[in-house]
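Commentary on secondary and tertiary structure
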Amino acid sequence: MAALHRLVSKQRRTHVALLVSPRSVLRWHARLIAWKWTYPSRRPGRPPKPEALRQLVVRLARENPGWGYRRVHGELGGLGHNVAASTVWSILKKAGIDPSPQLTDRSWATFLKAQASAIVATDLFHIDTVFLRRWFVLFFINHGTRRVHIAGITRHPTGPWITQQARNYLMDLGDHVESVRFLIRDRGAYFTDSFDAVFQATGIRVVPPCPPCHG
């Protein structure tokens, strides 16, 4: 209904009687997408005992000194432990561990600020069509100019496809590729060694994000 409404000329829209507005249709669509892709967060099994949880939190923090309590909290969620971030903070504090280490955060922030003009980051985001078909979009963003380059869109992102989009992106950059020194990407399986090799062949260093940047 929203799409058909856009086909009507502005002069005739005032004469068209609609039961709902296009804004309402789009809002319903957003809710439908959220409903489809929302999964139960509760995992099977009994909740961990308080002491076992405490030991796990302390071990994660000690084995990863650069992690703050938010990163530890995120890792616990990935392991199926439903615990509040404030609880993780309290456990670390009582164990004598700084819940918010600043050294790594500052060094990473300093690196991003100092090298902004030479940094390009890449990632995927997804969009859902009106029929709830999911498409994935690969993009690159220059940290200095904040300019975004849409590299490609596909239903099924694969390593070879993303690698080819990387080649196309470098070709589009042309002579400007010499100004890029670092590429930041996440640790997704679709960013393969072949993908990294495309950039490394031009002298660009591939830099995975530091752990605290994931929250």
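Here is a short report on the structure shown in this document. (Residues numbered from 1 in each chain as written. Predicted model: local features only at pLDDT ≥ 70, side-chain atom pairs only at ≥ 80, totals over all residues. Heavy atoms only, no water.)

1. What to know about unusual backbone geometry
To keep things clear, this is the line we draw: For helices the rule is a DSSP run of H or I covering at least 4 residues; for strands it is a run of E covering at least 2, with both sets numbered from the N terminus onward.
Notably, arginine 146 is not glycine yet its phi reads approximately 65°, a positive angle. The residue arginine 146 is located in the loop between β2 (134-142) and β3 (148-154) in this model.

2. Quick notes on the packing of aromatic side chains
We describe a pair of aromatic rings using the distance from one ring centre to the other and the angle between the two ring planes. Using the following cut-off: Only centres within 6.5 Å qualify two rings of Phe, Tyr or Trp (six-membered ring in Trp) as a pair; their planes then separate them into stacked at under 30 degrees, edge-to-face at over 60, and tilted for everything else. Each residue's exposure class comes from its accessible area (1.4 Å probe, protein chains only) as a fraction of the maximum for that residue type: buried when under 20%, exposed when over 50%, partly exposed otherwise.
Evaluated as defined, the whole model comprises six aromatic pairs. For the ring pair phenylalanine 125 and phenylalanine 139, a centre distance of 5.8 Å and an interplane angle of 50° mean the geometry is tilted. Within this pair, whereas phenylalanine 125 is found in strand β1 (residues 119-128), its partner phenylalanine 139 is found in strand β2, the two being separated by 14 residues in sequence. Between phenylalanine 140 and phenylalanine 199, the aromatic rings sit 6.1 Å apart at their centres with planes inclined by 45°, giving tilted as the arrangement. Of this pair, phenylalanine 140 sits in strand β2 while phenylalanine 199 sits in helix α9 (residues 193-200); the two residues are 59 residues apart in sequence, bridging distant segments of the chain. Side by side, phenylalanine 140 and phenylalanine 199 carry an identical accessibility label, which is buried.

3. Some thoughts on the sheet that holds strand β4 (residues 182-184)
Using the following cut-off: When DSSP finds at least two bridges between two strands, those strands are taken to pair. Every axis corresponds to a line fitted to the C-alpha atoms, with the helix fit spanning only the stretch in contact, and the corresponding angles, defined between N-to-C directions, vary from 0 to 180 degrees. We call two residues contacting when some pair of their heavy atoms lies within 4.5 Å.
Taken in spatial order, the five strands line up as β3-β2-β1-β4-β5 in an open sheet, and their pairing is mixed. Across the chains shown, the open sheet's two edge strands, defined by having one partner strand only, are β3 and β5 (205-207). For this sheet the average axis-to-axis angle between neighbouring strands, irrespective of direction, equals 25°. Of the strands in this sheet, β1, β2 and β3 touch helix α8 (residues 159-173), which is tilted by about 150° from β3. Running over the sheet, α9 touches β1, β2, β4 and β5 and is turned about 135° from β5.

4. Description of the packing of helix α5 (residues 69-78) against helix α6 (residues 85-94)
Condition: An angle below 35 degrees is read as roughly parallel, one above 145 as roughly antiparallel, one from 65 to 115 as roughly perpendicular, and any other as oblique. Note on convention: the crossing is left-handed when the near helix lies turned anticlockwise from the far helix by less than a right angle, right-handed when the turn is clockwise.
The contact between α5 and α6 brings their axes to 9 Å, and the two run at 120°. With respect to each other, α5 and α6 are oriented oblique. Every pair of crossing elements has a handedness; the one defined by α5 and α6 is right-handed. Of the residues in α6, those touching α5 at Tyr69, Val72, His73 and Leu76 are Ala85, Val88, Trp89 and Leu92.

5. Re the pairing of β2
The element β2 is extensively covered by neighbouring structure, given that seven of its nine residues are classed as buried. With nine bridges joining them, β1 and β2 adopt antiparallel strand pairing. Residue pairing across strands places histidine 126 opposite phenylalanine 136, the latter belonging to β2. The antiparallel hairpin formed by β1 and β2 contains five residues in its connecting segment, where leucine 132 sits at a positive phi of about 65°. By the bridge criterion, six bridges tie β2 to β3 in an arrangement that is antiparallel. Paired with valine 137 across the strands is isoleucine 153, a residue of β3.

Interpretation in functional terms is not warranted from these geometric data alone.
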